[in-house]
Amino acid sequence: MARDTSRRDDYVRPIRRLLIGLLVIVLFGVFLLWRIDSPRVERLRANLVDQIVPNFEWAMAPVTATANIVADFRSYRKIYEQNQELRRELRQMQAWKEAALQLEQKNAKLLDLNKVRLDPKLTFVTGVVLADSGSPFRQSVLLNIGARDGIQDGWATTDGLGLVGRISGVGDRTARVILLTDSNSRLPVTIQPSGQRAILAGDNSPAPPVEFLEDPDLVRPGDRVVSSGDGGVFPAGLLIGQVAQSPDRRLRVRLSADYERLEFLRVLRSRSIEVIDEPGHLIGPLPARPTAEVAPTQEATDG
(Lines give C-alpha, C1' and ligand atoms only; values in the text may rest on other atoms or scores of the structure.)
Protein backbone atom coordinates (compact mmCIF):
# COMPACT_ATOMS: atom_id res chain seq x y z
CA MET A 1 0.00 0.00 0.00
CA ALA A 2 2.87 2.32 0.85
CA ARG A 3 4.65 1.36 -2.39
CA ASP A 4 1.63 2.26 -4.51
CA THR A 5 1.42 5.69 -2.87
CA SER A 6 5.11 6.38 -3.41
CA ARG A 7 4.88 5.32 -7.06
CA ARG A 8 1.90 7.56 -7.62
CA ASP A 9 3.75 10.49 -6.08
CA ASP A 10 6.68 9.75 -8.35
CA TYR A 11 4.50 10.21 -11.43
CA VAL A 12 2.36 13.12 -10.14
CA ARG A 13 5.14 15.38 -8.96
CA PRO A 14 6.96 15.69 -12.33
CA ILE A 15 3.66 16.31 -14.13
CA ARG A 16 2.65 18.95 -11.58
CA ARG A 17 6.01 20.65 -11.93
CA LEU A 18 5.71 20.56 -15.73
CA LEU A 19 2.24 22.09 -15.68
CA ILE A 20 3.27 24.80 -13.26
CA GLY A 21 6.29 25.58 -15.45
CA LEU A 22 4.14 25.79 -18.56
CA LEU A 23 1.63 28.02 -16.78
CA VAL A 24 4.40 30.34 -15.63
CA ILE A 25 5.80 30.48 -19.16
CA VAL A 26 2.38 31.24 -20.65
CA LEU A 27 1.67 33.96 -18.11
CA PHE A 28 5.09 35.44 -18.67
CA GLY A 29 4.51 35.38 -22.41
CA VAL A 30 1.13 37.09 -22.01
CA PHE A 31 2.77 39.66 -19.79
CA LEU A 32 5.45 40.32 -22.37
CA LEU A 33 2.88 40.40 -25.13
CA TRP A 34 0.86 43.07 -23.32
CA ARG A 35 3.93 45.07 -22.38
CA ILE A 36 5.54 45.23 -25.84
CA ASP A 37 4.76 48.51 -27.54
CA SER A 38 4.73 47.68 -31.25
CA PRO A 39 2.15 48.04 -34.02
CA ARG A 40 2.37 44.38 -34.93
CA VAL A 41 1.97 43.28 -31.37
CA GLU A 42 -0.94 45.69 -30.99
CA ARG A 43 -2.68 44.12 -33.98
CA LEU A 44 -1.99 40.69 -32.52
CA ARG A 45 -3.46 41.72 -29.20
CA ALA A 46 -6.55 43.11 -30.92
CA ASN A 47 -7.05 39.89 -32.89
CA LEU A 48 -6.70 37.82 -29.74
CA VAL A 49 -9.24 39.96 -27.90
CA ASP A 50 -11.66 39.72 -30.83
CA GLN A 51 -11.33 35.95 -30.89
CA ILE A 52 -11.38 35.22 -27.16
CA VAL A 53 -13.55 37.83 -25.43
CA PRO A 54 -16.84 37.20 -27.34
CA ASN A 55 -16.55 33.52 -26.54
CA PHE A 56 -16.31 34.30 -22.82
CA GLU A 57 -19.75 35.89 -22.49
CA TRP A 58 -21.03 32.79 -20.71
CA ALA A 59 -18.26 33.23 -18.15
CA MET A 60 -19.21 36.89 -17.58
CA ALA A 61 -22.92 36.09 -17.12
CA PRO A 62 -22.63 35.33 -13.35
CA VAL A 63 -20.59 38.48 -12.82
CA THR A 64 -23.14 40.56 -14.76
CA ALA A 65 -26.04 38.98 -12.84
CA THR A 66 -24.30 39.65 -9.53
CA ALA A 67 -23.69 43.27 -10.51
CA ASN A 68 -27.36 43.64 -11.51
CA ILE A 69 -28.47 42.16 -8.18
CA VAL A 70 -26.26 44.58 -6.27
CA ALA A 71 -27.61 47.51 -8.31
CA ASP A 72 -31.23 46.35 -7.77
CA PHE A 73 -30.61 46.01 -4.03
CA ARG A 74 -29.20 49.52 -3.86
CA SER A 75 -32.18 50.82 -5.85
CA TYR A 76 -34.61 48.95 -3.59
CA ARG A 77 -32.91 50.35 -0.49
CA LYS A 78 -33.14 53.85 -1.92
CA ILE A 79 -36.83 53.36 -2.72
CA TYR A 80 -37.44 52.03 0.79
CA GLU A 81 -35.78 55.10 2.32
CA GLN A 82 -37.86 57.37 0.09
CA ASN A 83 -41.00 55.47 1.10
CA GLN A 84 -40.20 55.91 4.79
CA GLU A 85 -39.59 59.62 4.23
CA LEU A 86 -42.90 59.94 2.41
CA ARG A 87 -44.66 58.13 5.26
CA ARG A 88 -43.18 60.59 7.78
CA GLU A 89 -44.24 63.52 5.62
CA LEU A 90 -47.72 62.03 5.27
CA ARG A 91 -48.06 61.74 9.05
CA GLN A 92 -46.95 65.36 9.39
CA MET A 93 -49.45 66.39 6.73
CA GLN A 94 -52.22 64.55 8.55
CA ALA A 95 -51.31 66.34 11.78
CA TRP A 96 -51.29 69.67 9.93
CA LYS A 97 -54.62 68.80 8.34
CA GLU A 98 -56.15 68.09 11.75
CA ALA A 99 -54.76 71.36 13.10
CA ALA A 100 -56.11 73.20 10.06
CA LEU A 101 -59.57 71.65 10.56
CA GLN A 102 -59.58 72.66 14.22
CA LEU A 103 -58.54 76.19 13.31
CA GLU A 104 -61.24 76.27 10.64
CA GLN A 105 -63.88 75.20 13.17
CA LYS A 106 -62.68 77.81 15.66
CA ASN A 107 -62.70 80.44 12.94
CA ALA A 108 -66.25 79.45 11.98
CA LYS A 109 -67.31 79.73 15.61
CA LEU A 110 -65.78 83.18 15.90
CA LEU A 111 -67.43 84.25 12.66
CA ASP A 112 -70.77 83.00 13.97
CA LEU A 113 -70.24 85.03 17.13
CA ASN A 114 -69.58 88.13 15.06
CA LYS A 115 -72.76 87.58 13.02
CA VAL A 116 -75.04 87.58 16.07
CA ARG A 117 -77.02 90.82 16.19
CA LEU A 118 -77.52 92.09 19.71
CA ASP A 119 -78.82 95.21 21.33
CA PRO A 120 -76.28 98.00 20.65
CA LYS A 121 -76.43 98.89 24.33
CA LEU A 122 -75.09 95.45 25.26
CA THR A 123 -71.36 94.84 25.36
CA PHE A 124 -69.74 91.46 25.71
CA VAL A 125 -66.61 89.49 26.58
CA THR A 126 -65.66 86.36 24.62
CA GLY A 127 -64.21 83.43 26.54
CA VAL A 128 -62.91 79.96 25.70
CA VAL A 129 -64.59 76.89 27.12
CA LEU A 130 -62.02 75.07 29.24
CA ALA A 131 -64.02 72.06 30.44
CA ASP A 132 -67.50 70.82 31.21
CA SER A 133 -68.90 69.14 34.26
CA GLY A 134 -69.35 65.79 32.55
CA SER A 135 -72.10 64.88 35.00
CA PRO A 136 -75.62 63.74 34.07
CA PHE A 137 -76.97 65.67 37.08
CA ARG A 138 -75.25 68.98 36.37
CA GLN A 139 -74.97 70.71 33.02
CA SER A 140 -72.30 73.42 33.13
CA VAL A 141 -69.07 74.57 31.51
CA LEU A 142 -66.03 76.52 32.69
CA LEU A 143 -64.75 79.67 30.93
CA ASN A 144 -61.26 81.15 31.02
CA ILE A 145 -62.53 84.62 32.02
CA GLY A 146 -63.51 85.80 35.49
CA ALA A 147 -63.65 88.69 37.91
CA ARG A 148 -60.52 90.33 36.51
CA ASP A 149 -62.41 90.64 33.21
CA GLY A 150 -65.42 92.20 34.95
CA ILE A 151 -67.61 89.07 34.82
CA GLN A 152 -70.52 89.00 37.27
CA ASP A 153 -73.02 86.38 38.39
CA GLY A 154 -76.23 86.19 36.41
CA TRP A 155 -74.92 87.46 33.09
CA ALA A 156 -76.18 85.69 29.97
CA THR A 157 -73.89 83.67 27.70
CA THR A 158 -74.41 82.90 24.01
CA ASP A 159 -72.58 81.12 21.25
CA GLY A 160 -72.81 81.95 17.57
CA LEU A 161 -76.37 80.62 17.33
CA GLY A 162 -78.34 81.22 20.51
CA LEU A 163 -78.51 81.56 24.28
CA VAL A 164 -76.46 78.99 26.18
CA GLY A 165 -76.90 79.76 29.88
CA ARG A 166 -75.95 82.16 32.64
CA ILE A 167 -72.93 82.83 34.82
CA SER A 168 -73.16 81.08 38.17
CA GLY A 169 -69.95 81.33 40.13
CA VAL A 170 -67.10 83.70 39.33
CA GLY A 171 -63.44 83.26 40.20
CA ASP A 172 -60.56 85.57 39.54
CA ARG A 173 -59.68 83.95 36.22
CA THR A 174 -62.53 81.51 35.57
CA ALA A 175 -66.31 81.53 35.58
CA ARG A 176 -68.89 78.76 35.73
CA VAL A 177 -71.78 78.76 33.25
CA ILE A 178 -74.97 76.86 34.07
CA LEU A 179 -76.53 75.72 30.82
CA LEU A 180 -80.21 76.04 29.97
CA THR A 181 -80.45 72.25 30.08
CA ASP A 182 -79.42 72.09 33.76
CA SER A 183 -82.14 71.03 36.20
CA ASN A 184 -81.53 74.20 38.25
CA SER A 185 -82.10 76.49 35.28
CA ARG A 186 -85.35 78.49 35.06
CA LEU A 187 -85.74 81.15 32.39
CA PRO A 188 -88.74 83.37 31.51
CA VAL A 189 -89.34 83.16 27.77
CA THR A 190 -91.65 84.57 25.12
CA ILE A 191 -92.99 82.43 22.30
CA GLN A 192 -93.39 84.22 19.01
CA PRO A 193 -95.52 85.16 17.16
CA SER A 194 -98.28 84.49 19.68
CA GLY A 195 -96.45 86.39 22.45
CA GLN A 196 -97.21 83.72 25.04
CA ARG A 197 -95.16 83.91 28.24
CA ALA A 198 -93.76 80.74 29.81
CA ILE A 199 -90.89 79.30 31.82
CA LEU A 200 -88.14 77.24 30.22
CA ALA A 201 -87.25 74.64 32.86
CA GLY A 202 -84.10 72.56 32.41
CA ASP A 203 -84.34 68.83 33.11
CA ASN A 204 -80.86 67.61 32.02
CA SER A 205 -82.18 66.72 28.57
CA PRO A 206 -81.13 68.26 25.24
CA ALA A 207 -84.63 69.77 24.77
CA PRO A 208 -85.93 71.36 28.00
CA PRO A 209 -89.72 71.55 28.48
CA VAL A 210 -91.93 74.65 28.54
CA GLU A 211 -93.90 75.15 31.75
CA PHE A 212 -96.57 77.56 32.99
CA LEU A 213 -97.68 78.35 29.47
CA GLU A 214 -100.61 80.78 29.40
CA ASP A 215 -102.52 79.32 26.45
CA PRO A 216 -101.03 76.16 24.88
CA ASP A 217 -103.54 76.25 22.02
CA LEU A 218 -101.84 79.34 20.60
CA VAL A 219 -98.43 77.67 20.41
CA ARG A 220 -97.35 75.57 17.44
CA PRO A 221 -94.22 73.48 16.81
CA GLY A 222 -91.66 75.60 15.04
CA ASP A 223 -92.54 78.82 16.88
CA ARG A 224 -89.60 80.99 17.82
CA VAL A 225 -88.59 81.14 21.51
CA VAL A 226 -86.73 84.18 22.88
CA SER A 227 -85.93 85.51 26.31
CA SER A 228 -88.69 87.71 27.74
CA GLY A 229 -86.52 89.86 30.00
CA ASP A 230 -88.90 89.36 32.95
CA GLY A 231 -87.14 89.67 36.27
CA GLY A 232 -84.38 91.80 34.78
CA VAL A 233 -81.84 88.96 34.80
CA PHE A 234 -81.53 88.37 31.05
CA PRO A 235 -81.94 90.93 28.29
CA ALA A 236 -85.11 90.54 26.24
CA GLY A 237 -85.11 89.20 22.70
CA LEU A 238 -82.20 86.72 22.94
CA LEU A 239 -82.80 83.74 20.66
CA ILE A 240 -83.22 80.44 22.50
CA GLY A 241 -84.68 78.01 19.99
CA GLN A 242 -87.86 76.63 18.48
CA VAL A 243 -90.84 74.87 19.94
CA ALA A 244 -91.00 71.14 19.36
CA GLN A 245 -93.49 68.51 20.50
CA SER A 246 -92.20 65.37 22.17
CA PRO A 247 -93.76 61.93 21.66
CA ASP A 248 -95.66 62.38 24.94
CA ARG A 249 -97.34 65.52 23.46
CA ARG A 250 -95.34 67.77 25.76
CA LEU A 251 -94.02 71.05 24.41
CA ARG A 252 -90.27 71.36 24.49
CA VAL A 253 -87.68 73.73 23.03
CA ARG A 254 -85.13 72.63 20.48
CA LEU A 255 -82.20 74.84 21.44
CA SER A 256 -80.43 76.83 18.74
CA ALA A 257 -77.06 76.72 20.51
CA ASP A 258 -74.79 73.86 19.48
CA TYR A 259 -74.18 72.22 22.85
CA GLU A 260 -72.05 69.47 21.28
CA ARG A 261 -69.38 71.95 20.14
CA LEU A 262 -69.14 74.69 22.73
CA GLU A 263 -65.71 76.24 22.20
CA PHE A 264 -66.28 79.99 22.49
CA LEU A 265 -68.95 81.76 24.52
CA ARG A 266 -69.93 85.42 24.54
CA VAL A 267 -70.78 86.81 27.98
CA LEU A 268 -73.20 89.73 27.73
CA ARG A 269 -72.62 92.62 30.10
CA SER A 270 -76.09 93.22 31.48
CA ARG A 271 -77.01 96.03 33.84
CA SER A 272 -76.13 95.28 37.41
CA ILE A 273 -78.89 93.65 39.46
CA GLU A 274 -79.71 95.13 42.82
CA VAL A 275 -78.84 92.58 45.46
CA ILE A 276 -81.19 92.40 48.47
CA ASP A 277 -79.12 91.27 51.43
CA GLU A 278 -81.47 92.33 54.28
CA PRO A 279 -85.17 91.53 54.76
CA GLY A 280 -86.05 95.16 55.41
CA HIS A 281 -84.98 96.12 51.91
CA LEU A 282 -87.87 94.20 50.41
CA ILE A 283 -90.33 96.90 51.53
CA GLY A 284 -89.87 100.35 50.10
CA PRO A 285 -90.41 103.58 52.14
CA LEU A 286 -94.03 104.56 52.82
CA PRO A 287 -95.30 107.77 51.22
CA ALA A 288 -95.47 110.82 53.53
CA ARG A 289 -98.92 111.82 54.79
CA PRO A 290 -100.25 115.25 53.64
CA THR A 291 -100.15 117.00 57.03
CA ALA A 292 -100.83 120.42 55.51
CA GLU A 293 -104.28 119.36 54.34
CA VAL A 294 -105.28 117.63 57.58
CA ALA A 295 -105.14 120.75 59.81
CA PRO A 296 -107.81 122.83 57.98
CA THR A 297 -110.10 119.83 58.00
CA GLN A 298 -109.78 119.47 61.75
CA GLU A 299 -110.44 123.24 62.24
CA ALA A 300 -113.56 122.98 60.16
CA THR A 301 -114.75 120.06 62.28
CA ASP A 302 -114.13 121.97 65.50
CA GLY A 303 -116.08 124.91 64.16
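Residues numbered from 1 in each chain as written. Predicted model: local features only at pLDDT ≥ 70, side-chain atom pairs only at ≥ 80, totals over all residues. Heavy atoms only, no water.

Topic: the overall build of the protein
Okay, so step 1: Helix and strand content of the protein: four helices and twelve strands.
Okay, so step 2: Taken across its 303 residues, the protein has 25% of its residues classed as buried.
Okay, so step 3: Put simply, 55% of the contacts in the protein that link residues at least 6 apart link residues at least 24 apart.
Okay, so step 4: Put simply, the protein shows about 22,000 Å² of open surface, and 57% of that area lies on carbon and sulfur atoms. (Helix = DSSP H or I, 4+ residues; strand = E, 2+ residues; numbered from the N terminus. Buried < 20%, exposed > 50% of the residue type's maximum accessible area, 1.4 Å probe, protein only. Contact = heavy atoms within 4.5 Å. Areas by Shrake-Rupley, 256 points an atom, 1.4 Å probe, with all protein chains shown as cover.)

Observations concerning the pattern of salt bridges
Okay, so step 1: One pass over the structure, following the stated rule, counts six salt bridges.
Okay, so step 2: The partner of Arg77 in a salt bridge is Glu81, and the shortest N-O contact between them spans 3.8 Å. Here the residue Arg77 and the residue Glu81 both occupy positions in helix H3 (residues 57–115), the gap between them amounting to four residues, near one helical turn.
Okay, so step 3: Note that Asp258 and Arg261 form a salt bridge whose closest N and O atoms lie 3.7 Å from each other. (Salt bridge = Lys/Arg side-chain N within 4 Å of Asp/Glu carboxyl O.)

Regarding the nonpolar core
Taken as a class, soluble globular proteins show a tendency for nonpolar side chains to be buried jointly.
Okay, so step 1: Formed by 20 residues in total, the largest nonpolar core has its most connected members in Leu163, Leu187, Leu200 and Ile240.
Okay, so step 2: Setting aside anything within four residues of it in sequence, one finds Leu163 in contact with Ala156, Thr157, Thr158, Leu180, Leu187, Phe234, Leu238, Leu239, Ile240, Ala257 and Tyr259.
Okay, so step 3: Leu143, Val164, Val177 and Leu265 belong to the second largest nonpolar core, which has 16 residues in total. (Core = buried A, V, L, I, M, F, W, Y, C linked by side-chain atoms within 4.5 Å.)

Structural notes on the sheet that holds strand E1 (residues 123–132)
Okay, so step 1: Spatial ordering of the closed barrel is given by E1-E2-E5-E4-E3-E12, a layout of six strands whose pairing is antiparallel. Going from strand to strand, the sheet's axes swing by 45 degrees on average, the running direction of each strand aside.
Okay, so step 2: Both E1 and strand E12 (residues 264–269) contribute to a ladder of six bridges, which runs antiparallel. Across the sheet, Phe124 pairs through a bridge with Leu268, a residue of E12. (Pairing = 2+ DSSP bridges. Axes fitted to C-alpha atoms, helices over the stretch in contact; angles between N-to-C directions.)

Describing the sheet that holds strand E7 (residues 196–201)
Okay, so step 1: Spatially, the six strands line up as an open sheet ordered E8-E7-E6-E9-E10-E11, and their pairing is antiparallel. Sheet topology places strand E8 (210–211) and strand E11 (251–255) at the edges, where each strand pairs with a single neighbour.
Okay, so step 2: Two elements, strand E10 (residues 239–245) and E11, share five bridges in a ladder whose sense is antiparallel. What sits directly across from Gly241, in E11, is Leu255.

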